[in-house]
Amino acid sequence: QLASQASSLGTFEKKVHELELRICELSSELQKATAQNNKSKQLLEEQRQQHREQLAAADEKVRLLLGARTQEAAALRRELTESQSARHKAESLLRQIDRDIATIP
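Read on for a plain summary of the structure. (Residues numbered from 1 in each chain as written. Predicted model: local features only at pLDDT ≥ 70, side-chain atom pairs only at ≥ 80, totals over all residues. Heavy atoms only, no water.)

Looking only at helices and strands, one finds one helix and zero strands in the chain. By the compact-globule yardstick of 13 Å for 105 residues, the chain is too spread out, its C-alpha radius of gyration being 45 Å. Counting only C-alpha atoms and orienting by the principal axes, one finds that the chain spans roughly 155 × 15 × 10 Å. With the model as given, the accessible surface of the chain reaches about 9800 Å², and the carbon-plus-sulfur share is 60%. (Helix = DSSP H or I, 4+ residues; strand = E, 2+ residues; numbered from the N terminus. Rg over C-alpha atoms; globule rule 2.2 N^0.38 Å. Areas by Shrake-Rupley, 256 points an atom, 1.4 Å probe, with all protein chains shown as cover.)

Where nonpolar side chains cluster on the molecular surface, the patch consists of L94, I97, I101 and I104 and spans about 410 Å² of accessible area. By relative accessible area, which is 44% here, I97 ends up partly exposed. (Patch = residues over 30% accessible without salt bridge, like charges linked within 9 Å, V, L, I, M, F, W, Y side chains within 5 Å. Salt bridge = Lys/Arg side-chain N within 4 Å of Asp/Glu carboxyl O. Buried < 20%, exposed > 50% of the residue type's maximum accessible area, 1.4 Å probe, protein only.)

With that settled, consider the pattern of salt bridges. Summed over all chains, the structure comprises seven salt bridges. E18 serves as the salt-bridge partner of K15, at 4.0 Å between the closest nitrogen and oxygen. You can see K15 and its partner E18 sitting in helix α1 (residues 2–103), three residues apart, about one turn around the helix. A salt bridge links R22 to E25, with the shortest nitrogen-to-oxygen separation between them at 3.1 Å. Here R22 and its partner E25 are both found in helix α1, three residues apart, which amounts to about one turn of the helix. Given the relative accessible area of 42%, E25 is considered partly exposed. The network of salt bridges with shared partners includes E45, R48 and R52.

Looking at where E45 falls in the secondary structure, it is placed in helix α1. With a relative accessible area of 37%, E45 lands in the partly exposed category. Considering only alpha carbons, one finds E45 and R22, 23 residues apart in sequence, at a separation of 34 Å.

This is a description of form; function is not addressed.
So this is what it looks like as structure tokens:
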């Protein structure tokens, strides 16, 4: 019976050793997967930051262009107003000239 128990103990110890080796393998795989996951997270965050920077640059460009177009539109409105005023003055002068001509005998 002692030999049977020793054999069972040997088998048990062998199984424990196999399980310990498997635990070490799984631990190593877990460390590698964790490192890869962290690397992927870092790359993703870098991409997000780049996209945020690109969006901010695009927003700034649109803001500047919109400001420039707003200024151009205001300048064109001023020119139009000035042109309309000059036209009214010219029409008024022409009417006055027509009246003056009409009074010449």
